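# Observations on the three-dimensional arrangement
What follows is the residue order along each chain.
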Amino acid sequence: MDIWAPKLNGTVTGLGNGTTTLTATFMPSGRTASVQVTVSGAVEEQDLTISQTEAEIPTRTTLLLKTNMPVTWSSSDETIATVDSNSLVT
């Protein structure tokens, strides 16, 4: 099982409990630097809440929804309403 997942910008995401050594290599010289990382514990699960569970808005107006954690939105019918990545319903 993988313990970590690197990204191009240097961000490391812990994937599972354990200890691993992360090594960065500078090309073309081949110089390296390392760091030992221990991943432990799990992020506590939370219930997702939305600022309102029902809403009625007039045509051509907007509504801003709020949640207690980052989410990806979708609409079951985009011919009626859409919601963007900023939680804005139109």
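Residues numbered from 1 in each chain as written. Predicted model: local features only at pLDDT ≥ 70, side-chain atom pairs only at ≥ 80, totals over all residues. Heavy atoms only, no water.

### Considerations on the pairing of strand β3 (residues 18-26)
Taken residue by residue, a regular strand's side chains alternate between the two faces of the sheet. Bridge count for β3 against strand β4 (residues 31-39) is 9 bridges, and the pairing is antiparallel. When the bridges of β4 are listed, T25 appears paired with T32. In this antiparallel pair of consecutive strands, β3 and β4, the connection spans 4 residues, and G30 shows a positive phi of 85 degrees. (Pairing = 2+ DSSP bridges. Helix = DSSP H or I, 4+ residues; strand = E, 2+ residues; numbered from the N terminus.)

### Quick notes on the environment of S34
Its location among the elements puts S34 in strand β4. On the basis of relative accessible area, S34 is assigned to the exposed category, the value being 52%. When the C-alpha atoms of S34 and T21 are compared, they prove to be 6.5 Å apart, with 13 residues separating the residues in sequence. With residues near it in sequence (within four places) discarded, S34 still touches T21, L22 and T23. (Buried < 20%, exposed > 50% of the residue type's maximum accessible area, 1.4 Å probe, protein only. Contact = heavy atoms within 4.5 Å.)

### Looking at the confidence of the model for the protein
The predicted model of the protein averages 78 in pLDDT, with 82% of residues at 70 or higher. The least confident element of the protein is strand β1 (residues 4-6), whose mean pLDDT is 54; the most confident is strand β5 (residues 63-64), at 86. (pLDDT = per-residue confidence, 0-100.)

### Observations concerning unusual backbone geometry
In this structure, R60 takes a positive phi of about 65 degrees despite not being glycine. Residue position: R60 is located in the loop between β4 and β5.

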